[in-house]
Amino acid sequence: MSDPTPVIDDLREESEELDALVARLGPGEWRIASPAPGWTVAHQVAHLAWTDRAALLAVTDEDGFRGLVEQALAAPDRYVDDGAEEGARQHPDELLAAWRDGRTALDEALRAAAPGARFPWYGPPMTAASMATARLMETWAHGLDIADAIGVVRPPTDRLRHVARIGVRARDFAYAAHGLTPPAEQFRVELTGPGGDPWAYGPEDAPQRVTGPALDFCLLATQRAHRADLALTAEGPDADRWLDIAQAFAGPPGAGRQPKEAGEPKGAAQ
């Protein structure tokens, strides 16, 4: 049974790095439009705060979390946007304080979770480690939207290893979310980390594989960039199809981002 402490520590570090970025913004900058249509910087932080509270309920109050699921089922097209809109109406100081309080409470709950415990979620049930991984993935992805909005470049770190891993593990979920049957065989995924280290997943002898920079794979799996703008290569028809539908997050498929330039993907199927 894996120790969740390292990924919980990395989640805290990822959150604190983003916190330092938004804490220096003036009230007007919180209203800058982000790459997500209709969402400002405030919406992005509000969504993180809202999802942290949902995760805290999942870990500490299963009945309370079940109520959130019922709300989502009642308004599947507006549920996420409504939660972000409600939080974004707060004053930036109040919103930032709420995000800090929520993620601190979640950090403590994840560290106190019983070994092997599994918690409900909008997708498959999660362990403390997988819950922390999912929160890190979302914090990184929405942090990219915020950085893009205010014109800041956030260098990739080795914390992306968690995002890449959840992207690979969510392969079958991505197929199912699109109404497709997942391939029976596993793929080989070979990525190059930000520091040049190789990150590999799946059988070495798998006939179908995906290769490329880890950053590009994480951008694809979180739908922060279009495949055409990424240096990912697929070998095999199923692996190629996966790169069109990959998602590391629970819930229905998103609209994704439009390509920056017209033309063939940089990583074409072979």
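Residues numbered from 1 in each chain as written. Predicted model: local features only at pLDDT ≥ 70, side-chain atom pairs only at ≥ 80, totals over all residues. Heavy atoms only, no water.

Student: Which parts of the structure should I look at to understand the side chain of Arg209?
Tutor: By the secondary structure assignment, Arg209 is in strand β3 (residues 209-213). Among the residues examined, Arg209 registers a relative accessible area of 15% and is labelled buried. A polar contact of 2.9 Å, which involves the side chain of Arg209, links it to the backbone oxygen of Glu204. Every residue in contact with Arg209, bar those within four places of it in the chain, is listed here: Arg188, Glu190, Glu204, Thr233, Ala234, Glu235 and Ala239. (Helix = DSSP H or I, 4+ residues; strand = E, 2+ residues; numbered from the N terminus. Buried < 20%, exposed > 50% of the residue type's maximum accessible area, 1.4 Å probe, protein only. Polar contact = N/O pair within 3.5 Å; in protein donor to acceptor, adjacent residues only side chain to side chain. Contact = heavy atoms within 4.5 Å.)

Student: Mind showing me how you'd approach the pairing of strand β2 (residues 198-201) here?
Tutor: For a regular strand, side-chain orientation follows a simple rule: the groups alternate between the two sheet faces. Burial along β2 is one-sided: the residues Trp199 and Tyr201 are buried and none of Pro198 and Ala200 is. As paired strands, strand β1 (residues 188-192) and β2 are joined by four bridges and run antiparallel to one another. Counted as the bridge partner of Val189 is Tyr201 from β2. In textbook terms, the turn of a hairpin is the stretch between consecutive antiparallel strands, and for β1 and β2 this stretch comprises five residues, one of which, Gly196, has a positive phi near 95 degrees. (Pairing = 2+ DSSP bridges.)

Student: I tried to follow helix α7 (residues 160-169) on my own but got confused; where do I start?
Tutor: Extensive coverage of α7 is indicated by the burial of seven of its 10 residues. Along α7, the residues classified as buried are Leu160, His162, Val163, Ala164, Ile166, Gly167 and Val168.

Worth remembering: the numbers are spatial, not functional.
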